[in-house]
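What the coordinates show
Next come the chains, spelled out residue by residue.
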Amino acid sequence: MSHVFHRHCHQALPTIASGQGVYLTDTQGKRYLDACGGAAVSCLGHNHPAVLEAIHRQLDSIPYAHTGFFTSESSEALAKILADLAPPLINRAYLVSGGSEAMETALKLARQYWVEVGQPQRQHFIARRQSYHGNTLGALSVGGNAWRRAPFAPLLMDTSLIAPCYAYRDQGPDECAYQYGQRVANELETMLLEKGPETVIGFIAEPVVGATAGALTAETGYFTRIREICDQYNILLILDEVMCGTGRTGRFFAFEHEHIVPDIVAIAKGLAAGYQPIGATLVADPVYNAIANGSGFFQHGHTFMAHPTACAAALATLTTLEQEGLVDAAEKQGKALKTALHHQFDSSPFVGDIRGRGLFLALELVADKASKQPFSSTLPLAKQIKQTALENGLMCYPMGGTIDGKQGHHILLAPPYIIKSPHIDEIADKLRITLDTCLPH
Ligand code: PMP
């Protein structure tokens, strides 16, 4: 009997033994190609010597010191690199231990900002359906994943949800992609007017939607319009780049593709490439200054924040991304992987859409390609695909369940940025073999 409280209480999982590059090996000696980085985490692959060495060095000097007493060289250097990577207006990083913490920080920061500037009546967030921002109660409150929210609904903050930008499912026959993007962006304005803009703290979105909709990018002009509306009605724009940030889309920040700057942005998963747990909430100067020049104290914090060893791992990760040109590699290999997926699946009657940006890609599965009819949400397809892929030596990230009566199943791919052409071929081949087994023929 395992005494670990596993999330899926009755699922037997292989025990991991080691990892090297894009492969993981279990204690039975079975090898898996990591085509999803766990959950878009392992951007450098496994066992990267530069990160291991940085962690060892930090452990040899000072593994941990509480931020109430000391700052550390590794956290100062990490925050400086993040500020250098970010647009000029963003100069502060609040360092935490993961994605949900980074989003909780973003929410509380945004609320405290309005309190500091004398607008405490702002108490409401607007976010999007088919989104996920974390599993803690605050982050869950602003997420639109109905299934994850359901058991906790009575405990969650009241959040207004608008449509995501989901052209494959929603674009009308009489509108072009741009018009569609503008139409759904304008839902923010409609919602603001309904709620009263003076009561709203901010708007929250993933620039590329991850787990809930499968690498869903917005149409050109969508986020420009969102930024415009936030400015016009004076609300904060909070971006969740926990999954799509840190180079995964081929730019360090996914919002760079959109030519906008958020007021607050959360990053996590790829920040230390999985070598240590870490997240960060990056803050634009006006938000930081309101607190620094107001009460001078952000009323939030965690014991393990700015953890020196986690910061050392993140610092080494960012240095390696830069030295090895891996953000550009994510863009280049992403295109190659997308081409391979098109080659392999364009003729499949069950792959409705192949989408995403950089090495953040997804296949949307459909029961009928012409009508885009999803497979039944009661079908345990995601579980079957994950299991069969593992048996075939492939880690991929299938998700299922109908949300808002629309989306059915998708498979997310987010391999390490170090992948090369033979790995891309192996991913496409193993995925085809897996889908041939799991989907009807
Ligand atoms: N936001 C997004 C977009 C995510 O994908 C996730 C994790 N899947 C989170 C927040 C929460 O991060 P964590 O699991 O590290 O708490």
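It should be emphasised that the depicted structure is a prediction, and the values quoted were computed from it without experimental measurement. (Residues numbered from 1 in each chain as written. Predicted model: local features only at pLDDT ≥ 70, side-chain atom pairs only at ≥ 80, totals over all residues.)

Taken in spatial order, the four strands make up an open sheet running 13-14-17-16, and their pairing is antiparallel. The outermost strands of the open sheet, each flanked by one partner alone, are strand 13 (351-357) and strand 16 (397-399). Sheet twist, expressed as the mean angle between neighbouring strand axes with direction ignored, is 20°. (Pairing = 2+ DSSP bridges. Helix = DSSP H or I, 4+ residues; strand = E, 2+ residues; numbered from the N terminus. Axes fitted to C-alpha atoms, helices over the stretch in contact; angles between N-to-C directions.)

When the domains of the chain are assigned, the result is domain 1 (16-47 + 325-438) and domain 2 (52-323). Each of domain 1 and domain 2 has a C-alpha centre, and these two points are 25 Å apart. Taken together, the contact between domain 1 and domain 2 spans 34 residues of the former and 34 residues of the latter. Here the element with the most residues in the side of domain 1 that touches domain 2 is helix 12 (residues 326-345); it accounts for five residues. (Domains from an automatic or database assignment. Contact = placed C-beta atoms within 7 Å.)

Now for the confidence of the model for the chain. For residues with low pLDDT, the predicted coordinates do not support detailed interpretation. In this model, the chain carries a mean pLDDT of 96, and residues with pLDDT of at least 70 account for 99%. Per-residue pLDDT, averaged within each element of the chain, yields its smallest value for helix 6 (residues 146-149) (88) and its largest for strand 11 (residues 264-267) (99). The complex model carries a pTM of 0.98, and its ipTM stands at 0.99. (pLDDT = per-residue confidence, 0-100.)

This part covers the nonpolar core. L95 and L413 are the most contacted members of the largest nonpolar core, which has 136 residues in total. Here this core takes nine residues from helix 11 (residues 308-323), the largest share from any one element. Each of domain 1 (16-47 + 325-438) and domain 2 (52-323) accounts for three or more of the residues forming this core. Sequence-distant contacts of L95, that is, excluding residues within four places in its chain, are made with S75, L78, A79, I278, A280, M305, A306 and C311. (Core = buried A, V, L, I, M, F, W, Y, C linked by C-beta atoms within 7 Å. Buried ≥ 20, exposed ≤ 12 C-beta atoms within 10 Å, placed from the backbone.)

If you trace the four strands from one edge of the open sheet to the other, you get 1-2-3-15, paired in mixed fashion. Unpaired on one side and paired on the other, strand 1 (16-20) and strand 15 (394-395) mark the two borders of the sheet. Two strands pair when backbone bridges link them, and strand 3 (residues 31-34) and strand 15 are joined in this way by two bridges, in the parallel orientation. Note on strand 15: the bridge partner recorded for L33 is L394.

Contact pair helix 8 (residues 177-195) / helix 9 (residues 222-232): the axes reach a minimum separation of 8 Å and the direction vectors enclose 20°. When the axes of helix 8 and helix 9 are compared, the pair comes out roughly parallel. As for how helix 8 packs across helix 9, the hand of that crossing is right-handed. Residues G181, Q182, V184, A185, L188 and E189 of helix 8 pack against Y222, R225, I226 and I229 of helix 9. Split by residue class, the contact of helix 8 with helix 9 holds six nonpolar, two polar and two charged. (Parallel < 35°, antiparallel > 145°, perpendicular 65-115°, else oblique. Left-handed = near helix turned anticlockwise from the far one by under 90°. Nonpolar A, V, L, I, M, F, W, Y, C, P; charged D, E, K, R; others polar.)

To continue, consider the packing of helix 13 (residues 381-391) against helix 14 (residues 421-438). With their axes 9 Å apart at the nearest point, helix 13 and helix 14 run at an angle of 130° to one another. It follows from the interaxial angle that helix 13 and helix 14 lie oblique. Where helix 13 crosses over helix 14, the two elements pack in a sense that is right-handed. Across the interface between the two elements, L381, Q384, I385, T388 and A389 of helix 13 pack against K430, T434, T437 and C438 of helix 14. Here the residues of the contact of helix 13 with helix 14 are counted per class, giving four nonpolar, four polar and one charged.

Its 18 residues place the ends of helix 4 (residues 99-116) 25 Å apart at the C-alpha level, agreeing with the 26 Å of an ideal helix rising 1.5 Å per residue. Phi turns positive, to about 80°, at G118, one or two residues after helix 4. (Expected span 1.5 Å × (residues − 1).)

Turning our attention to the site of the ligand. Lining the immediate surroundings of the ligand are 15 residues, of which G98, G99, S100, V242 and M243 lie closest. With three residues, helix 4 is the single largest residue contributor to the shell around the ligand. For the shell around the ligand, the residue count by class is seven nonpolar, six polar and two charged. (Near = placed C-beta within 6 Å.)

By secondary structure assignment, the location of Q112 is in helix 4. Exposure remark for Q112: the 20 C-beta atoms within 10 Å place this residue in the buried category. Sequence spacing of Q112 and T339 is 227 residues, and the spatial spacing of their C-alpha atoms is 46 Å. The residues touching Q112, leaving out its near neighbours within four places in the chain, are I291, F298 and Q299.

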